[in-house]
Each structure stands twice: as C-alpha cells, then as structure tokens.
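# A structural walkthrough
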4 protein chains.
Amino acid sequence: MSSRPGAKSLPILAVLGAGDASDKEILVAEQVGATAARAGWVVLTGGGPGVMEAACRGAVEAGGLTIGILPNAKAGDGYPNPWVMIPVFTGAGSARNAFNVLSANLCVAVGGGTGTLSEIALALKNGTPVWCWASWSLTPPRGRETPTPRVFEEADDLIEALDAALNHQQAI
Amino acid sequence: MSSRPGAKSLPILAVLGAGDASDKEILVAEQVGATAARAGWVVLTGGGPGVMEAACRGAVEAGGLTIGILPNAKAGDGYPNPWVMIPVFTGAGSARNAFNVLSANLCVAVGGGTGTLSEIALALKNGTPVWCWASWSLTPPRGRETPTPRVFEEADDLIEALDAALNHQQAI
Amino acid sequence: MSSRPGAKSLPILAVLGAGDASDKEILVAEQVGATAARAGWVVLTGGGPGVMEAACRGAVEAGGLTIGILPNAKAGDGYPNPWVMIPVFTGAGSARNAFNVLSANLCVAVGGGTGTLSEIALALKNGTPVWCWASWSLTPPRGRETPTPRVFEEADDLIEALDAALNHQQAI
Amino acid sequence: MSSRPGAKSLPILAVLGAGDASDKEILVAEQVGATAARAGWVVLTGGGPGVMEAACRGAVEAGGLTIGILPNAKAGDGYPNPWVMIPVFTGAGSARNAFNVLSANLCVAVGGGTGTLSEIALALKNGTPVWCWASWSLTPPRGRETPTPRVFEEADDLIEALDAALNHQQAI
C-alpha cells in the first residue's frame, strides 16, 4: 500500500533525427524504438517521417506506446507519421523542439539535420542526457564549459548500452 | 489486411477546468475521466491539480491512460499531478493552453477560471467541439457569428451524452 | 542623473480584435492606435488584417511605433499587415496569443472573434488590465471570482478614457 | 509615391550569446549592437544579461532601438536587461529561442553556450544567415548537406563586414 496514491509515470525516450534519413539511420532508429518499447519506455518523437517514423514503427511493432509532439496544428506533410499513437498537435513550429527534449528522461540522436542539432542543444541546456550516433560533432567556444553528448561510434554499441540502461542494469 | 500499415491512433478527450475546484466539480471531472477511459479514450489535461487531477484520477482508476501538457519545464507546484502517466513538459506557460485543445477530439470544460476560458476560446477557434458544464457563459459581439460550446445544465446529462458519444452510439 | 543606467522601456498597448472587422470596428481601432501613438506608447497587435491593421495604421499615421507578434514563421496571408514596423515572427500559431497579452501594459479589445476571446482570457489570467468595446460579454461560472474587463458602451468614452489614462491624467 | 501605402518595416539584427560572457565577448557584442544601431537596424536579443545586455547597451548608446524576446512571463532574473526598450514577454521558456531567429534578417553569435547553439541551429534551419565569432564549431553528420554559419576568426573582421553589409555596401 503506497502512502502516496497515484499512477505510475511512464519513462520517456525521445528519439531525435531528420525527416529525410539514410537506410542505415532508419534501421538504427527502428532498433532504438524497439529497445525502448521492450523496456517499457514510451517513445517520443517530433512525430514526422524519416528517423521519427522509424523509431515509432520499431516501438509499435515491439508492443510499445508512441507519442508525437507535432509542429503543426492539423495533420499534414507526414506529421503525424502512421506509427504515432498519441499525436500532440502544437501548431508551434520549431518551438516544439524545446518540448520534445524537456519531456524525455533520455534523448537519442540518430544522424540529424539542423532541427536535430537544435534539440541536442536544448537537451544539453536542460540537463537531459543525450546519446548520439552518426550525428553532429560539436566543439564549444574556447574557454566555455558545457555538458556534452555521449557519442557512440558503432550502432551496435548504442543499442547495447541503451538496452542495459533502460533495463536498469546500468545508469544513464 | 490494411493497405496502409500503421498503429491505431488513440482518440483524445481533453478535460478543461481550474486548479482550484469545488467538491462538485471534482466529482464530475472524475466521472468524465472514468467515462473516457472506459470507452478507450486517452484523457489529456493541463496536468495540474483540481479538475485536471480529478479527471486523471478517474481515468487511471478506470484503467485508462492519461497525458498532461504541462506549463512548466520541470516538476513543481502540483504539475504534474500524481495521476498523469505521460507528462509532457513544455516550459511554455499559458501558451500551452493552445496545445491542449489542438490535440483533442473533444473538449469537456468543468467549471473553470480564466485559463479554462482561454482554452474554450482556442478550441472553438480551432473547430474542436467543446462541451461545458457549470462553466463560462459567453455572448459574442453583436453581429459576429462564432461556433459555440454545447452547454449542459445537469452533470448527469453531460456524463450520459459523453458515454453515448464516446462509444459511438451518437455523433459528437 | 539616474543611479541605474539603462534605456527607457516603452509602454505597450495591445489592441485585440478580429482579422475580419466591421467598418465601425476599423474606425475605432484606428482611433485607439492613434491615441496610443500620440501618448508615446508602442502599439502591439497580432500583426494581421482587420482590427490589427487598423490599429497599426492609426498609430503609424500619428507618428508611432508598431510591433506585430505573428502566428506564422514567414510573411503570408496578411501577416504582417503593411503597418507593422517591427514584425516578430513566432511560427507558434495560436500559442502566440499568450505572448501578445503578457507584453502589454494595457489591452484594448475592439469587437473580436474566438481568438480575441482567448486573448481577453489570457490577459485577465495574467492580471493585465483589459478594456472592451463591442466585444464579448462574459459571465464566469457561479461562485467563481475572476477579474473582469472594463466595458465601454460607447466608443467615444473608450477613446476619452484611453487618452486620459495614457497621458497619466487617470490611473489605468 | 508608393502605390501600396504602409509603414517602413525595420530591418532586425539578432545578437545571440550567453548570459555569462567574457570581457572580450561583452566588448564585441557592444560593438555589434552599436554598428547595427548606426545603420538603422533594430537590435533583437533574448533580453537577458551578458552578451544580450552588451548588444542592447551598444545599440541604445548609439541611438538605436532594442527589443528583447524574453523567456519569462514577468520581469526577473535579469530579464529584461536595463537596455531593452521593447520587452516582449513570452513565458515560453527556451521555446522562445525559435522566435528570436525567425524575426531576424541576420543573426550574429558572439561566443555562446548551449542556448546559443540551439539558436544557431534554428536560424540555419530557417534559412536565416548566421555570422559567428568565437562561437561553436559544428560538423554535420557525414553525408548530410546543411547550411553553415559564416565564421569570423577576428572580431575586427566581423565588425567591418557587418558595417559594410548593414549599410548595403555588401550583400549579407
């Protein structure tokens, strides 16, 4: 009997990446989504095509729950992708990039364009851990201390570390 | 076999109301949340106390899923309430009121202060249907045609109509 | 000689109203903008057509400064109107309604549709004074105390009171 | 005589940088603000301390106009700084970073932390030109084409190029 009643808040993995993605990025994003779903994590993305869609598809096919934080106010242009189960329409454009990362317990960037770069930056600013594979390489201004993403050279290492962390065998 | 693969997008009921609510409002909000949950709808709120919390609690206790679109960037001041299963932090303050109503298939306002009034207005602007009980009474400027909420005088009628509509026995 | 150096922060009047407006609304909005400009106030609007455009035109022709907080990310659909001197693009859709009223020292609503109603509500929530002419008539839920707008029946009374208040002959 | 009446829309320079800044960054930001003001450009910043404040001060002392797009809903924590003439309160937190860059004709980043990085990214995404001095060094993922900032090694070169561009002697 808990002393504080309430529901179990679900842990959230945000998958960041571009709407136009390479075959390899799609494959990795799908594995990231599936790994999260199997660990009982909700997969949150910007709700669009490419990496976002692949992560959602991987999660749904593994029995998970997906949420998309959409830049648009009504469905269109591939937002939401068909694998988003809970579409959150914001109509806020790129401002919604800030919301994606605030809500996540962990962000994983798979490749990515300038939108993904903004999300990596906002996640670091917020103190949300960010894991990157095949994504941006960043060097802060000389003399400035900033948090940095954890960079994976190999996709297999990313998936393995993710599996270990989400199943609590290892700290994030 | 569907020609277009994808996940089932979940229908969303937004429950609008104040953080400080009367006993009767709490009771009605709880019933609204439970009714939605039993029909398989996700319950979305602003994620705070009062009516928002009651709707979430009703939904969770009926086995449903709850999502909170939070004005803050980090947990605090009763946001999220303990019955929010998926907390979406926006850090966007009152601007998040716009997101609450864009994402809903139907909005139900239970009482409400000025924040709720803004959500009713934004829902009407967006074309999202709004049902009201014990909420604001609105008269548009003379000569202006606007959509209007559906007003219920009795809470029982609201719950009955909601039950019928969410279970597809009646159009929204 | 001030002990704290800095610039003079300019007082801001937000003019709220619909993109489609009657001839009388246009005329009144223009007078509101001109009155503000002559008192040295910046005129802030949502940057679109109708009442917003009329208020900006009145201000510019009276030698004032106008700023538009735009829902779009790039110019289009009458946003910004030609009388906006400083266009602030947000791409945030209706969420920008919250920003309009947070930045104003006083809001004046001239007529208005559902978007205007949301701004009136958000201004009241924020504690920003709201003056209304020919706008929404609002009755809060029974038993709820909320701030209310100051309602003017006659346009001439609005302009006269505005002139007195902005020139510090009378409190807002 | 123009066939389309209206006001002159003012060109906007956004200055991006950290709230905690080095002496050299402060000096350069001040020069950037002054250069913009002398060319008749509005200086837009996030409205806070450090680089943002220095750019505003430089602009005001050169007779210019400054606008601050603030993350907060009410004044506090150094937002707005004393040199902001038009404070636009958003209450939108880091989401306001998106608005800063959408509204600018040119962005200049002076040093910068993770917030600045997000603004550089969002500016590039939007197609707004970005000039950087002593700021982030960015390498996109292998195989991805993205717009890039124009990087200045020396502050004097930045100021000289800015002066030439804003006075239309050279394209941005």
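That block above? That's the structure.
### Quick look at the relation of the copies chain A and chain B
Look at the two chain copies: a rotation about an axis and a shift along it is all it takes to match them. When chain A is fitted onto chain B, the two copies agree to an RMSD of 0.0 Å after a turn of 180° and an axial shift of 0.0 Å. Such values leave the two copies arranged in the relation of a two-fold axis. A shared binding surface is used by both copies, with 100% of the interface residues of chain A retained as interface residues in chain B.

### A word on helix 1 (residues 23-38) of chain B
Residues and elements named next belong to chain B. If you check helix 1, its first and last C-alpha atoms are 23 Å apart, about what 16 residues at 1.5 Å a residue would give, namely 22 Å. Those residues of helix 1 not exposed but buried are Glu25, Val28, Ala29, Val32, Gly33, Ala34, Thr35, Ala36 and Ala37. On its buried side, helix 1 packs onto strand 1 (12-16), strand 2 (42-45), helix 2 (51-61), strand 5 (106-110), strand 6 (130-133) and helix 5 (155-166). One or two residues past the end of helix 1 sits Gly40, with phi positive at roughly 85°.

### Here's the deal with the interface of chain C and chain D
Taken together, the contacts link 30 residues of chain C with 30 residues of chain D. With both chains or domains summed, chain C and chain D bury close to 2,400 Å², and 66% of this area falls on carbon and sulfur atoms. Along the contact surface separating chain C from chain D lie eight residue pairs in polar contact (both at pLDDT 80 or more). Mapped onto the side of chain C that touches chain D, the elements with two or more residues apiece are strand 3 (66-70), strand 4 (86-89) and helix 3 (96-102) of chain C. Residue contributions to the side of chain C that touches chain D peak at four residues, all from strand 4 of chain C. The residue inventory of the side of chain C that touches chain D, partitioned by class, reads 21 nonpolar, six polar and three charged.

### Points about the interface of chain A and chain B
At the junction of the two partners, chain A supplies 30 residues and chain B supplies 30 residues. For the chain A and chain B pair, buried surface summed over both sides reaches about 2,400 Å², with 66% attributable to carbon and sulfur atoms. At the junction of chain A and chain B, the tally comes to eight residue pairs in polar contact (both at pLDDT 80 or more). Element by element, the count of residues in the side of chain A that touches chain B is highest for strand 4 (residues 86-89) of chain A, at four residues. The class makeup of the residues in the side of chain A that touches chain B is 21 nonpolar, six polar and three charged.

The rules behind each value
- Note that residues are indexed from 1 along each chain, following the sequence as it is written.
- All chains are assigned letters beginning with A, and all ligands numbers beginning with 1, in the order in which they are written.
- Local features in this predicted model are restricted to residues of pLDDT 70 or higher, and side-chain atom pairs are both shown and tallied only at a pLDDT of 80 or more, whereas totals for entire chains, interfaces and linings draw on every residue.
- The basis for every side-chain value is the complete set of heavy atoms in the structure, and neither hydrogens nor water enter the calculation.
- Superposition of the copies used a least-squares fit over C-alpha atoms from residues whose pLDDT is at least 70 in both.
- Working rule for contacts: check all heavy atoms of both residues, and any pair within 4.5 Å makes them a contact.
- Runs of H or I in DSSP of at least four residues are treated as helices and runs of E of at least two as strands, each being numbered from the N terminus.
- Each residue after the first adds 1.5 Å to the expected span of a helix.
- For the exposure calls, accessible area comes from a 1.4 Å probe over protein chains only, and a residue counts as buried if that area is under 20% of its type's maximum, exposed if over 50%, partly exposed in between.
- In short, buried area is how much 1.4 Å probe accessible area vanishes from two parts on joining, totalled over both.
- What qualifies as a polar contact is a pair of N or O atoms within 3.5 Å, subject to a donor-acceptor requirement within protein and to the restriction that residues adjacent in sequence count only when both atoms come from side chains.
- Note that Gly is not counted as nonpolar here; it falls among the polar residues with everything else outside the nonpolar set of Ala, Val, Leu, Ile, Met, Phe, Trp, Tyr, Cys and Pro and the charged set of Asp, Glu, Lys and Arg.

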